[in-house]
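# Examining the three-dimensional arrangement
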Amino acid sequence: MAIDAETRLAHQPRDSRPELRLWLRLLTCTTMIEREIRRRLAERFQITLPRFDLLAQLDKSPEGMTLGEISKRMMVTNGNVTGLVARIAEQGFVERRRDVSDGRAQRIVMTPEGHEQFARMAREHGAWVRELLAGLDPTERDVMMGLLAKTKAGVARASAAREEAED
């Protein structure tokens, strides 16, 4: 079994770099959950996590989305989106349509089959996440959400301050 960075630091005294230990714990948990979700999606639905994420974005947009809109939402390059769309279209989950407001652009729209399959995937995905986080009771989840919100806000403030200093 591979040893993660958090485990490698476990031999150090408790007061040794607590921020680093916390960041590594967050990273380790995220990586473990993501790895398991990826494995289950591939095994159960023969789909990758990026393709699942693409379907999730399109499911929120019944009118479809342009490649640029998908790229922004998924925070990946247009080239990555083009490849994802091509592969998911081969599965019959999406189709390309000409954008009525811009004839040069394409809108990517989920097919009825795509909606049906994504609904099945999303139900199971939700059950998997609940299973993986079942070790926390509702109060602990609420406390964790609050602490992570505070962490997120702090990171956003630090990033904004750095960007402002660079200008």
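The coordinates are above.
The rules we used
Residues numbered from 1 in each chain as written. Predicted model: local features only at pLDDT ≥ 70, side-chain atom pairs only at ≥ 80, totals over all residues. Heavy atoms only, no water. 1 Å grid on protein atoms, 1.4 Å probe; cavity = no way out; pocket = protein on both sides within 12 Å on 5 of 7 lines; lining within 4 Å. Points joined across faces, edges and corners; volume = space filled by probe spheres on them. Helix = DSSP H or I, 4+ residues; strand = E, 2+ residues; numbered from the N terminus. Nonpolar A, V, L, I, M, F, W, Y, C, P; charged D, E, K, R; others polar. Pairing = 2+ DSSP bridges.

## Description of the layout of surface pockets
Of the voids in this model, the largest pocket is the one considered here, and its volume is about 800 Å³. Lining the largest pocket are 22 residues, with Thr30, Ile33, Leu133, Met144 and Leu148 positioned closest to its centre. Elements with a minimum of two residues in the lining of the largest pocket: α2 (18-45), α6 (112-132) and α7 (138-166). In terms of residues, the lining of the largest pocket owes the most to one element, α2, which gives 8 residues. A breakdown of the residues in the lining of the largest pocket according to their chemical character gives 14 nonpolar, 4 polar and 4 charged.

## Some details on the sheet that holds strand β1 (residues 65-66)
Hydrogen bonds along the backbone pair up the strands of a sheet, which may run parallel or antiparallel. One open sheet holds the 3 strands; their spatial order is β1-β3-β2, and the pairing between them is antiparallel. The outermost strands of the open sheet, each flanked by one partner alone, are β1 and β2 (94-98). Sheet topology note: the β2/strand β3 (residues 106-110) ladder contains 5 bridges and is antiparallel. Bridging across to β3, Arg96 finds its partner in Ile108.

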